Amino acid sequence: MPTPEQIWADADLPTRRLAGLALNPSVPESVLLRLLSDAPLAARMVLCRDRILPDAVVDAVIEHPDTHTRSFFARNPHVDPAQRVRLVDDPEWFVRAHLAAGPRVAGLARPRPLPDEAVVHMISTYDDGLLDGPFYQQISTRLRRSMPTHPIAKVRRWGVNDWASLSADVRAALLTDPDDQVRETAQQHARLQDPAWVENALPDRPCHARTDLLLHRALSGAVVEGVLASPTGKEDRTMIAANPTLPADTVVLLAADPDPEVRGRIAQRPDLGHAERRALVADPDPDVRTQVAYRADLGPAERRTLMTDPHPDVRLAVSVHPALSEAERARIDYQVPMDHHFGFHPAYEVPRDPEAVRRKALSSHPLLRREAAVDHLLPPDLVARLAADDDLGVRVLLAQNHPDAPAPLLLRSFLEYTGPERGHLTTRPNFPANGLAAFAGHEDPQVRALAARGPETEPAAVERLTHDPDHGVRAAATRHPNLPRSRLAVLLDDEELAHDAAANAALDSDTIRRLLQTDGRPAGPPE
């Protein structure tokens, strides 16, 4: 089966016209049904994967005889998951696999979760191989938390994988579970807390399994001694430095390790002793001092030392320390980085303490205000305050993440921020449409393309933008309903823009009918 990219690359011009019709918001339901029934695969792919569909079309997709057509709908990010999940018992494994894989989403975003009952059904009935990969991203937080005690054994097996966060009572129940596979899976997790078992299972060569055991599992004295005396790989010492079971005397030893990366890992340990902490505050390597500066347990004297550290990264790290007063922060000579990515952050599974978020939002420190700005639950007064913040990062993070980010903030953020997540701003609920015509002559092509979103953009300006040197601008302008009919007719025969021209909502019904009757071939009127 070719990939979606290959399917589109192989599509000829008539097929791309039909794919444009599939996205056209003005075509009636009957046209969509005709495309679903008769159009080539590339057009059906676009129809089923790239838009919301009327209920009657969804019904037809679910019953469509072509496996690949149904599989495209299984990964549609635009439709309600309850519609996609109608394919849960599709007779073809290929469709079920695509449903389990879920929609492709950008950046850190996650697809909307499938209904809990559907997920339970999939876990109970699908082969394990179909549930590999990103399936877990479609599981709701509510269901995931209930999995370790779920009445269905296969679901409990999934719950065992959260072993580290389970209570002692739940772990004990899973270790004696009546289901053999649940019990064995729990025992496998429990063995990872047995130093003797880890010692016996530790591979004698660098590999993923060795890395996991050295980083996270219970280490015996013999394993630690072996790493210190004759490490198998150059990263072995760094890995055990982060292991929570590392003996206290080894923590002391590695706090003076000649490798600054090892010392940096030690600096992050929650069990770091006072003497080691003080020594690392004075470490010659600024990266190590930076790691120490982030520790919440720094004493007043240690904080004062780091507040005047010669390295800017160290001063910046300690400047956000929770024990500092606002007056103390103000005395630190720190510089806030502006080269960070200011993008979308998924909502916290456990809501943060509102008062702690408020303190950060009211702080004089931009980094703390940035931490507050990503919270999806900020109250209106803090949204208004941070929307007017003098820090670009605060404003853009608020725009990217808060569901009620105001329209002026969204537009301002798009105009001022040029990072890789910029395009996400235009997908936010309140992104404005009015007033965008003024950007038709802007020097930035992404800003010029905004004019194609403005309903008041004049036909002459829209037509001019279809000649723009930037493809994104040309494509956006080609879809604008104010594009003169004569230019739209020309672009229907343009190899590059015919797809966008056919998606234009102003396309007349006669042209739509001719495209359907001729399978997308030349759209001009008959001679």
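Presented here is an overview of the structure given in this document. (Residues numbered from 1 in each chain as written. Predicted model: local features only at pLDDT ≥ 70, side-chain atom pairs only at ≥ 80, totals over all residues. Heavy atoms only, no water.)

Another aspect to go through is the packing of aromatic side chains. Throughout the structure, instances matching the rule amount to 4 aromatic pairs. Aromatic pair Trp93 and Phe94: ring centres 5.8 Å apart, planes at 85°, arrangement edge-to-face. For Trp93, a relative accessible area of 52% puts it in the exposed group. Note on Phe94: relative accessible area 19%, which makes it buried. Just above the ring of Phe414 sits the side chain of Arg422; from NZ or CZ to the centre is 4.4 Å. (Phe/Tyr/Trp six-rings, centres within 6.5 Å; stacked < 30°, edge-to-face > 60°. Buried < 20%, exposed > 50% of the residue type's maximum accessible area, 1.4 Å probe, protein only. Lys NZ or Arg CZ within 6 Å of the ring centre and 35° of its normal.)

For the rest of this paragraph, the subject is helix H29 (residues 407-416). At 3.6 residues per turn, the α-helix brings residues three or four places apart onto the same side. When H29 is considered as a whole, its buried residues turn out to be Leu409, Leu410, Leu411, Ser413 and Phe414. Buried-residue contacts for H29 involve helix H27 (380-387), helix H28 (392-401) and helix H30 (445-448). (Helix = DSSP H or I, 4+ residues; strand = E, 2+ residues; numbered from the N terminus. Contact = heavy atoms within 4.5 Å.)

This part covers the packing of helix H22 (residues 300-307) against helix H23 (residues 312-319). Two elements in contact, H22 and H23, have axes whose closest approach is 8 Å; the angle formed by their N-to-C orientations is 140°. If you check the angle between H22 and H23, you find them oblique. Mapping the contact onto sequence places Arg303, Leu306 and Met307 in H22 and Val314, Arg315 and Val318 in H23. When the residues that make up the contact of H22 with H23 are grouped by side-chain class, the tally is 4 nonpolar, no polar and 2 charged. (Axes fitted to C-alpha atoms, helices over the stretch in contact; angles between N-to-C directions. Parallel < 35°, antiparallel > 145°, perpendicular 65-115°, else oblique. Nonpolar A, V, L, I, M, F, W, Y, C, P; charged D, E, K, R; others polar.)

Okay, helix H5 (residues 55-62) next. Of all the residues in H5, the buried ones are Val57, Val58, Val61 and Ile62. Taken end-on, H5 shows its buried residues confined to a sector of 140°, consistent with a single buried face. Elements that come into contact with the buried residues of H5 comprise helix H3 (29-38), helix H4 (41-49), helix H6 (67-74) and helix H7 (81-84). (Arc of directions from axis to C-beta.)

Counted under the stated rule, the structure contains 36 salt bridges. For Glu326, the salt bridge is made with Arg329, and the minimal N-O distance between the two is 3.1 Å. Separated by 3 residues within a single helix, Glu326 and Arg329 lie in helix H24 (residues 326-330), roughly one turn from each other. Assessed through its relative accessible area of 34%, Glu326 is described here as partly exposed. If you follow the salt bridges from partner to partner, you end up with Arg277, Arg295, Asp297 and Glu302 in one network. (Salt bridge = Lys/Arg side-chain N within 4 Å of Asp/Glu carboxyl O.)

Time to look at the nonpolar core. Soluble globular proteins: nonpolar side chains tend toward being buried together. Ranked by size, the top nonpolar core spans 70 residues in total, and within it Leu21, Leu35, Phe73, Met122 and Phe135 carry the most contacts. By residue number, the principal contributor to this core is H4, which donates 6 residues. Leaving out residues up to four positions away in the same chain, Leu35 has contacts with Leu18, Leu21, Ala22, Arg44, Leu47 and Leu516. Formed by 39 residues, the second largest nonpolar core is a distinct cluster that contains Leu246, Leu316, Tyr334 and Leu367. (Core = buried A, V, L, I, M, F, W, Y, C linked by side-chain atoms within 4.5 Å.)

Moving on to the side chain of Ser220. Summarising the element assignment, Ser220 is placed in the loop between helix H15 (208-216) and helix H16 (221-229). What makes Ser220 buried here is its relative accessible area of 10%. At 2.8 Å, the side chain of Ser220 and the side chain of Glu199 are in polar contact. Those residues in contact with Ser220 that sit more than four places away from it in its chain are Pro195 and Glu199. (Polar contact = N/O pair within 3.5 Å; in protein donor to acceptor, adjacent residues only side chain to side chain.)

A separate point is the packing of helix H26 (residues 366-373) against H28. Running from N to C, H26 and H28 cross one another at 5°; their axes reach a closest spacing of 8 Å. As judged from the angle between their axes, H26 and H28 are roughly parallel. Residues Pro366, Arg369, Arg370 and Ala373 of H26 pack against Gly393, Val394, Leu397, Leu398 and Asn401 of H28. Tallied by class, the residues present in the contact of H26 with H28 amount to 5 nonpolar, 2 polar and 2 charged.

So, to be careful, I would describe these as geometric facts and stop short of saying anything about function.
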